[in-house]
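The primary structure of each chain is shown beneath.
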Amino acid sequence: MTVTESQQTVRQRGTAMPLSMLDDARRRETPMLWFDGELASADSLQAPLTTHAMHYGTGVFEGIRSYATRHGAAVFRLPEHLQRMRKGAELLGLDFDVERAFDATLETLRANDHRDAYIRPLAWFGTGSIGLDVSQLTQHFMVATMAQRVHLAGDRTRLTVSPWRRNPASALPPLKLCGGYVNSILAKRDAKSRGFDEALFVDDDGNVVECTGANVFMVRNGQVTAVEHRDALPGITRDTLIQLSGAESRTVTHHELLDADEVFVCGTAAETAPISVLDRREFGDNPVTRELSALYSRVVRSEEPAHAGWLTAV
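Conventions used here
Residues numbered from 1 in each chain as written. Predicted model: local features only at pLDDT ≥ 70, side-chain atom pairs only at ≥ 80, totals over all residues. Heavy atoms only, no water. Patch = residues over 30% accessible without salt bridge, like charges linked within 9 Å, V, L, I, M, F, W, Y side chains within 5 Å. Areas by Shrake-Rupley, 256 points an atom, 1.4 Å probe, with all protein chains shown as cover. Salt bridge = Lys/Arg side-chain N within 4 Å of Asp/Glu carboxyl O. Helix = DSSP H or I, 4+ residues; strand = E, 2+ residues; numbered from the N terminus. Core = buried A, V, L, I, M, F, W, Y, C linked by side-chain atoms within 4.5 Å. Buried < 20%, exposed > 50% of the residue type's maximum accessible area, 1.4 Å probe, protein only. Contact = heavy atoms within 4.5 Å. Pairing = 2+ DSSP bridges. Expected span 1.5 Å × (residues − 1). Arc of directions from axis to C-beta. Phe/Tyr/Trp six-rings, centres within 6.5 Å; stacked < 30°, edge-to-face > 60°. Axes fitted to C-alpha atoms, helices over the stretch in contact; angles between N-to-C directions. Parallel < 35°, antiparallel > 145°, perpendicular 65-115°, else oblique. Nonpolar A, V, L, I, M, F, W, Y, C, P; charged D, E, K, R; others polar.

An account of a nonpolar patch on the surface is requested, with residue identities and associated values reported.
A grouping of Y56, I130 and L132 is seen on the molecular surface, where their side chains present a nonpolar patch of about 350 Å² in accessible area. Mapped onto the secondary structure, L132 falls in the loop between β6 (117-125) and β7 (139-146).

Mind laying out the nonpolar core, listing which residues take part and the relevant values?
Core analysis: the biggest nonpolar cluster contains 29 residues, and V60, V75, L78, L82, F96 and F141 have the highest contact counts within it. The leading source of residues in this core is helix α5 (residues 98-112), at six residues. With near-sequence residues (within four places) excluded, V60 lies in contact with M85, G88, A89, L92, L94, P121, L122, A123, K176, L177 and C178. Grouped together as the second largest cluster of nonpolar side chains are 20 residues, Y67, A74, I242 and A247 included.

Go over the pairing of strand β15 (residues 271-278) with me, naming the residues and quoting the values.
Counting buried positions over the eight residues of β15 gives eight, a clear majority of the element. From the end of strand β14 (residues 262-267) to the start of β15, which pair antiparallel, there are three residues. The sheet contact formed by β15 and strand β16 (residues 281-282) spans two bridges and is antiparallel. Among the inter-strand pairings, V277 is bridged to a residue of β16, identified as E282.

For helix α9 (residues 287-300), give the residues involved together with the corresponding values.
If you check α9, its first and last C-alpha atoms are 20 Å apart, about what 14 residues at 1.5 Å a residue would give, namely 20 Å. For α9, the complete set of buried residues consists of T289, L292, L295, Y296, V299 and V300. Projected down its long axis, α9 shows its buried positions confined to an angular sector of 130 degrees, all on one face.

Which residues make up the packing of aromatic side chains, and what values do they have?
Applying the stated criterion to the full structure yields seven aromatic pairs. Arranged with centres 5.8 Å apart and planes meeting at 65 degrees, the rings of W34 and F141 form a pair that is edge-to-face. Placement of the pair is W34 in strand β1 (residues 32-35) and F141 in strand β7, with a sequence separation of 107 residues. In this structure, W34 and F141 share a single accessibility class: buried. Members of the aromatic cluster, joined through ring pairs, are W34, F96 and F141.

If you had to explain the packing of helix α7 (residues 236-245) against α9 to someone new, which residues and values would you point to?
Relative orientation of the contacting elements α7 and α9 amounts to 110 degrees, with a least axis distance of 11 Å. Here α7 is positioned roughly perpendicular relative to α9, judged by the angle of their axes. Residue-level contacts link T237, T240, L241, L244 and S245 of α7 to L292, L295, Y296 and V299 of α9. Split into classes, the residues belonging to the contact of α7 with α9 amount to six nonpolar, three polar and no charged.

Run through the environment of L78, naming residues and quoting values.
Counting through the fold element by element, L78 comes out in helix α4 (residues 78-92). Take L78: its relative accessible area is 0%, and that puts it in the buried class. C-alpha separation for the pair L78 and R65, spaced 13 residues apart in sequence, amounts to 8.4 Å. Once residues lying within four places of it in the same chain are set aside, the contact partners of L78 are I64, F102, T105, L106 and T312.

I'd love a proper account of the side chain of N183, names of residues and values included.
Along the polypeptide, N183 turns up in helix α6 (residues 182-193). When neighbours within four sequence positions are excluded, N183 is seen to be in contact with R165, R166, N167 and F201.

See below:
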């Protein structure tokens, strides 16, 4: 469904929510969450301390964005995000219903009356045993929406090479598995401790992988290149920008990145964030990044009709 369809039709296709519940959500500072089949106030929900995902990171999540458009709120590339989440869930052995997750996302946005928002669906293993066998554990699914800035959010960013290596795909597939992001947290903490905003993963051969939560691009002589690496998450924003710019996708060395005219990173939360510094290398003006960022902004806000199919009306 695209934003060109009427909001009335969209609401008829979703699960109806009592007006009293919607009014209460709008009056309260506490948001509504979708949890295991129904909406509830966030402050009324709890997870047991023996929750398996809390101990072992056995969950899968996505980061998705909705945007205010002239047609109302719309979610950017929702089906693609949920299909990627399904792959992670299947890898862990979690049941995952894409259609249910799709409807739950829209219902939660409506309940919170959110337009510009970050969306966090999460599926995880709950209780039943403490150990590595997940076959007998309870399974859960939630959706939260937050009307707030997250991660880099398009800001000029100071970047440093991390002393940590990215999880190799041969050990941990590059999907949004909860436990895998401890790797990103370690790198982010190190970068922050040294006065930088973000960390860049480079492999043992000196090839660029990605950042803690964003893919990497460079610009040289006006040519846009998307960093490609088997250990990097196949980013949906990355794919979007490749389609919008016609960027080449290939392996890029750390040396090439330092020699580029412009460097930027991208992701659902980061959007398109220009790099101002990479360790001691300072980057000046970023006209190509700025132009591509403006185009991306128009696309997600339904101002580019050719790409209306990437938007799902709320």
